[in-house]
Amino acid sequence: MNSTESTAAATVFRHPTIPDGLALWRLVGAAGTLDLNSTYAYLMVCRDFANTCIVAEQAGRIAGFVMGYRRPQKPDTVFVWQIGVAPEARGRGLGSLVLDRLLQSDACSTVRFLETNVTPSNHASRALFEGLARRLRAPIEELEGFESTLFPDPSHEPERLLRIGPFEPTSNG
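Only a predicted model underlies this, so the values are computations on that prediction, with no experimental measurement involved.

Moving on, we get to the packing of aromatic side chains. Per the counting criterion, the structure on display carries 3 aromatic pairs. For the pair Y69 and F79, a centre-to-centre distance of 5.4 Å together with 40° between the ring planes defines the contact as tilted. One end of the pair, Y69, is in strand 3 (residues 61-71); the other, F79, is in strand 4 (residues 74-85), and 10 residues separate them in sequence.

This is the structure:
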């Protein structure tokens with residue numbers, strides 16, 4: 001059994017509930033590499049977009065997550081807003097697993113594209129999404145996202161839009 005298979009076997013994947021919002025906020029803060037949004041934002045996502053989010057529990061604690069939503073103007077597209085893995089759970093394929101579970105969920109049964117924003121220097125996220133494109137046997141393209149001047153922090157890098165697809169829906173439901 002490889003490390004990704006053993007990680008999957010030791011992990012419970014599920015949609016988040018409202019109380020998970022605080023745990024997600026804490027995980028993002030501990031990760032140190034993600035934009036930390038308000039606790040309120042995580043609570044709202046867990047309430048209003050739970051069907052397009054997945055949390056990964058290990059030993060009763062959230063070890064990873066993916067938050068997304070279906071784009072209203074592009075119903076065949078899921079946008080991944082944030083993905084994170086707790087520092088102690090990194091390096092075992094958990095990020096890939098939560099992405100796969102998201103695309104296998106009923107909420108993504110007609111999704112043919114995945115989009116996300118990634119900064120140029122975020123090599124780990126780029127590798128994660130390039131790996132997803134390979135597993136899906138789908139093209140990946142980089143498009144304009146949000147320019148750095150749109151962010152209040154002058155050192156914020158631009159956010160480039162990565163678009164994966166088209167791919168065949170992977171829903172189990």
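This part takes up the nonpolar core. Counting residues in each nonpolar core, the largest one holds 29 residues, and the members touching the most others are L99, L114, F129 and I164. Apart from the residues within four sequence positions on either side, L114 is in contact with V78, V80, L99, L103, F129, L132, L162, R163, I164 and F167.

One open sheet accounts for 7 strands, arranged 1-2-3-4-5-7-6; its pairing is mixed. Two strands lie at the open edges of the sheet, namely strand 1 (12-14) and strand 6 (140-146), each paired on one side alone. If you compare each strand with its neighbour and ignore which way they point, the axes differ by 25° on average. Strand direction decides the pairing type here: strand 6 and strand 7 (residues 159-164), joined by 5 bridges, are antiparallel.

This next bit is on helix 4 (residues 94-104). A large share of helix 4 lies buried, amounting to 8 of its 11 residues. By the burial criterion, the buried members of helix 4 are L94, G95, S96, L97, V98, L99, L102 and L103.

As a further point, take the pattern of salt bridges. Summed over the entire model, instances satisfying the criterion amount to 10 salt bridges. The shortest N-O distance in the salt bridge between E57 and R14 comes to 2.9 Å. Placement of the pair is E57 in strand 2 (residues 53-58) and R14 in strand 1, with a sequence separation of 43 residues. According to the relative accessible area criterion, R14 is partly exposed, its value standing at 23%. Among the ionic pairs, R126 bridges to E142, the shortest N-O distance being 2.9 Å. Of this pair, R126 sits in helix 5 (residues 123-136) while E142 sits in strand 6; the two residues are 16 residues apart in sequence, bridging distant segments of the chain. With relative accessibility at 11%, the residue R126 sits in the buried group. Exposure remark for E142: the relative accessible area of 39% places this residue in the partly exposed category. Connected through salt bridges with shared partners, the residues R71, K74, E115 and R163 form a single ionic network.

So, on to the layout of surface pockets. The calculated volume of the largest pocket comes to roughly 1100 Å³. Those elements that provide at least two residues to the lining of the largest pocket are strand 3, strand 4, helix 4, strand 5 (113-118), helix 5, strand 6 and strand 7. Of the residues assigned to the lining of the largest pocket, the class counts are 18 nonpolar, 15 polar and 8 charged.

Turning next to the pairing of strand 3. Counting buried residues in strand 3 gives 8 out of 11 residues, a clear majority hidden from the surface. Here 6 bridges tie strand 2 to strand 3, and the two strands are oriented antiparallel to one another. Paired with Q58 across the strands is R61, a residue of strand 3. Between strand 2 and strand 3, which follow one another and run antiparallel, lie 2 residues, and A59 among them has a positive phi close to 55°. Where strand 3 and strand 4 come together, 8 bridges link them in antiparallel fashion. Bridged to R70 within strand 4 is V78. Taking the residues between adjacent antiparallel strands as the criterion, strand 3 and strand 4 are bridged by 2 residues.

So, how was this worked out
Residues numbered from 1 in each chain as written. Predicted model: local features only at pLDDT ≥ 70, side-chain atom pairs only at ≥ 80, totals over all residues. Heavy atoms only, no water. Phe/Tyr/Trp six-rings, centres within 6.5 Å; stacked < 30°, edge-to-face > 60°. Helix = DSSP H or I, 4+ residues; strand = E, 2+ residues; numbered from the N terminus. Core = buried A, V, L, I, M, F, W, Y, C linked by side-chain atoms within 4.5 Å. Buried < 20%, exposed > 50% of the residue type's maximum accessible area, 1.4 Å probe, protein only. Contact = heavy atoms within 4.5 Å. Pairing = 2+ DSSP bridges. Axes fitted to C-alpha atoms, helices over the stretch in contact; angles between N-to-C directions. Salt bridge = Lys/Arg side-chain N within 4 Å of Asp/Glu carboxyl O. 1 Å grid on protein atoms, 1.4 Å probe; cavity = no way out; pocket = protein on both sides within 12 Å on 5 of 7 lines; lining within 4 Å. Points joined across faces, edges and corners; volume = space filled by probe spheres on them. Nonpolar A, V, L, I, M, F, W, Y, C, P; charged D, E, K, R; others polar.

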